[in-house]
Every structure is written in structure tokens, then in C-alpha cells.
Amino acid sequence: MADSPVREEALAAMRRIPNRQAECLTQLSYGSAGLIMRVLPDIDVQPTPELCQAGRDYLRKELIDHQKMFSEPQVFSYPMLTEALPGIVWLAKNCGGCKAEIEGLEAFARTQIDSPARQQFLAALAEVRKQ
């Protein structure tokens, strides 16, 4: 979606959804949060305590799931993590840092076989930790 010619139209439509805050919370808590994490910075939601907690819970769940599925090192190519970077950055900036979750994701990435995707993921997390 990042390079889609209709991306701005889609984001504008999402910003017009009257209950987007509640929908975002629902997706992070119970649904498929992959899309929400990709567009979280662009859909004009507020970093409420509930939304921040749901975001942290989602990151912890993804970390646990990845640790279970990939207990042996693999070449780092995990779209559920790399595509979530915009949301991870937004959560870190707006929700008190998410330090433990980011450290966990970073530690997991370091256990995996190096790749350009791994290097980019670690660089993005390092940038988030600086802020």
C-alpha cells in the first residue's frame, strides 16, 4: 500500500470513519492488526491509554508468536514485523516509548540470520530508541 497510487485516497477515507479510534482499538486487540500497524501514523487516531495498551499487547503477542514459530535462526524476512514499523514508531513516540516491547523485538531480530531486511529493521528500531 505504501507505493500505491490510491494510498492517499484510502488514508483520507480511513480518516473520515467516525469510529476509527474504536475500530483501531478493536483491530489491535482482537482482529488483524497488520493493516492498522502500517497506517497507524496516517489515520488521525489519539494515543489513548487503551490504544497504547492494545498496541503494546499486539507487539508482545507478535514477538511471542515469532519466537515460537522461528526458534531456530532463519534469514530475517518477517513481513508482520517489518510492515508494522510505521505503527511501532508511532506507538514509541506517542505511548511512552514501548521500551520493553522494542527491546524484545530487537533481541529477536538479532537471533536471526542477517539480511538486508534485518539490517533495516534493526536500524529503524535503533532510531526509535534514540527518540
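For the structure, check the block above.
Parameters and conventions
- Residues numbered from 1 in each chain as written.
- Predicted model: local features only at pLDDT ≥ 70, side-chain atom pairs only at ≥ 80, totals over all residues.
- Heavy atoms only, no water.
- Core = buried A, V, L, I, M, F, W, Y, C linked by side-chain atoms within 4.5 Å.
- Buried < 20%, exposed > 50% of the residue type's maximum accessible area, 1.4 Å probe, protein only.
- Helix = DSSP H or I, 4+ residues; strand = E, 2+ residues; numbered from the N terminus.
- Contact = heavy atoms within 4.5 Å.
- Salt bridge = Lys/Arg side-chain N within 4 Å of Asp/Glu carboxyl O.
- Axes fitted to C-alpha atoms, helices over the stretch in contact; angles between N-to-C directions.
- Parallel < 35°, antiparallel > 145°, perpendicular 65-115°, else oblique.
- Left-handed = near helix turned anticlockwise from the far one by under 90°.
- Nonpolar A, V, L, I, M, F, W, Y, C, P; charged D, E, K, R; others polar.

So, about the nonpolar core. Ranked by internal contacts, the top residues of the largest apolar core, which has 36 residues, are Leu28, Met37, Leu40, Ile88, Leu91, Leu105 and Phe121. Take this core: its biggest share by element is six residues, from helix α4 (residues 49–69). The residues touching Leu91, leaving out its near neighbours within four places in the chain, are Met37, Leu40, Gly55, Leu59, Gly96, Gly97 and Cys98.

Attention now goes to the pattern of salt bridges. All chains considered together, the criterion is met by 14 salt bridges. Where Glu83 meets Arg38, a salt bridge forms, and the shortest distance between an N and an O atom there is 3.3 Å. In this pair, Glu83 sits in the loop between α5 (79–82) and α6 (85–94) while Arg38 sits in helix α3 (residues 34–39), placing the two residues 45 residues apart along the sequence. When its relative accessible area of 40% is taken as the criterion, Glu83 is described as partly exposed. Arg38 sits in the partly exposed class, given a relative accessible area of 30%. Put simply, Asp65 and Lys61 hold a salt bridge, and the shortest N to O gap is 2.7 Å. Linking Asp65 with Lys61, this pair stays in helix α4, spanning four residues, or about one helical turn. With a relative accessible area of 26%, Asp65 lands in the partly exposed category. Through salt bridges that share partners, Lys99, Glu103, Glu106, Arg110 and Arg129 make up one connected network.

A word on the packing of helix α7 (residues 99–110) against helix α8 (residues 116–130). Axis separation between α7 and α8 bottoms out at 10 Å; the angle between their running directions is 155 degrees. By the angle between their directions, the pair α7 and α8 is classed as roughly antiparallel. Judged by the sense of rotation from one axis to the other, the crossing of α7 with α8 is left-handed. Mapping the contact onto sequence places Ile102, Glu103, Leu105, Glu106, Ala109 and Arg110 in α7 and Arg118, Phe121, Leu122, Leu125, Val128 and Arg129 in α8. Considering only residue class, the contact of α7 with α8 consists of seven nonpolar, no polar and five charged.

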